[in-house]
Amino acid sequence: MLQIALVALGGAAGAVARYATDLAVHAAFRGRLRDLTAAGLPVGTLAVNAVGCLAIGFVMHLVLERQSIDDRVRLLVVTGFLGSLTTFSAFGFETFRLVDAGRWPVAAGYALVSFAVGLAAVFAGWSLASLRPIAG
């Protein structure tokens, strides 16, 4: 039960941090981002993903290489907070581990398949939501 509470607490904080980061990025770069946001680039999400990937790389090094972080802290920070902040960080870390292990073809395949499946799933969800019920 403690593990679930830690993930939930971290997840709540990560969700708030994601929203706050998006607001802060747009506020900080309001004038300079106009061209990028007008082009449709989601700069807030890009910032969150970059920060999340940096954070998961740092924390997981401490967990796996130095073994200096307790499993409960990992659940709170990595699974809860970073999992809610951005799932892209988990994808980035998993891909990194494959590259770090010298498994470049698997890493490249995983990245391509993840992108393709994710994009196809968004398209499928969008399409399903667009269906109109048949009037009878």
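As shown above, the structure is provided for reference.
Structural notes, computed from the coordinates. Because the structure is predicted, anything quoted here is derived from the model rather than measured.

### Describing the overall build of the protein
Next up, step 1: Within the protein one finds six helices and zero strands.
Next up, step 2: In the protein, the order of α-helices and β-strands from amino to carboxyl end is α-α-α-α-α-α.
Next up, step 3: Across the 136 residues in the protein, those meeting the buried criterion constitute 21%.
Next up, step 4: Considering only intrachain contacts with a sequence separation of at least 6, the fraction spanning at least 24 residues in the protein is 58%.
Next up, step 5: Carbon and sulfur atoms provide 71% of the accessible area of the protein, an area that totals close to 9500 Å².

### Some remarks on the environment of A12
Next up, step 1: With respect to the helices and strands, A12 occurs in helix α1 (residues 2-28).
Next up, step 2: Exposure remark for A12: the relative accessible area of 44% places this residue in the partly exposed category.
Next up, step 3: Taking the C-alpha atoms as reference, A12 lies 7.4 Å from S84; in sequence the two are 72 residues apart.

### Quick look at the pattern of salt bridges
Next up, step 1: In total, this model carries three salt bridges according to the counting rule given.
Next up, step 2: The partner of R97 in a salt bridge is E65, and the shortest N-O contact between them spans 3.8 Å. Note that R97 is positioned in helix α5 (residues 88-100) and E65 in the loop between α3 (43-64) and α4 (71-85), a separation of 32 residues in sequence.
Next up, step 3: Note that D70 and R72 form a salt bridge whose closest N and O atoms lie 2.7 Å from each other.
Next up, step 4: Assessed through its relative accessible area of 36%, D70 is described here as partly exposed.
Next up, step 5: Note on R72: relative accessible area 48%, which makes it partly exposed.

### Comments concerning the nonpolar core
In summary, soluble globular proteins display a tendency toward joint burial of nonpolar side chains.
Next up, step 1: Counting 10 residues, the largest nonpolar core is built from A17, V48, I56, V59, M60, V63, V78, L82, L85 and F93.
Next up, step 2: When residues of this core are traced back to their parent elements, those giving at least two are α3 and α4.
Next up, step 3: Per element, the largest residue contribution to this core is five residues, and it comes from α3.
Next up, step 4: For L85, the contacting residues outside a window of four places in its chain are G14, A17, R18, V48 and G52.

### A word on α3
Next up, step 1: In this model α3 runs 31 Å from its N-terminal to its C-terminal C-alpha over 22 residues, within 8% of the 32 Å that 1.5 Å per residue would give.
Next up, step 2: The set of residues buried in α3 consists of V43, G44, V48, N49, G52, I56, V59, M60, L62 and V63.

### Side note on the packing of α3 against α5
Next up, step 1: The contact between α3 and α5 brings their axes to 8 Å, and the two run at 50 degrees. Classified by the angle their axes make, α3 and α5 are oblique. As α3 runs across α5, the sense of the crossing is right-handed. Facing α3, whose interface residues are N49, G52, C53, I56, M60 and L64, α5 presents F88, S89, A90, F93 and R97.

### Considering the side chain of T86
Next up, step 1: Looking at the secondary structure, you find T86 in the loop between α4 and α5.
Next up, step 2: In this structure the side chain of T86 is engaged in a polar contact, spanning 2.9 Å, whose partner is the backbone nitrogen of F88.

Parameters and conventions
- Residues numbered from 1 in each chain as written.
- Predicted model: local features only at pLDDT ≥ 70, side-chain atom pairs only at ≥ 80, totals over all residues.
- Heavy atoms only, no water.
- Helix = DSSP H or I, 4+ residues; strand = E, 2+ residues; numbered from the N terminus.
- Buried < 20%, exposed > 50% of the residue type's maximum accessible area, 1.4 Å probe, protein only.
- Contact = heavy atoms within 4.5 Å.
- Areas by Shrake-Rupley, 256 points an atom, 1.4 Å probe, with all protein chains shown as cover.
- Salt bridge = Lys/Arg side-chain N within 4 Å of Asp/Glu carboxyl O.
- Core = buried A, V, L, I, M, F, W, Y, C linked by side-chain atoms within 4.5 Å.
- Expected span 1.5 Å × (residues − 1).
- Axes fitted to C-alpha atoms, helices over the stretch in contact; angles between N-to-C directions.
- Parallel < 35°, antiparallel > 145°, perpendicular 65-115°, else oblique.
- Left-handed = near helix turned anticlockwise from the far one by under 90°.
- Polar contact = N/O pair within 3.5 Å; in protein donor to acceptor, adjacent residues only side chain to side chain.

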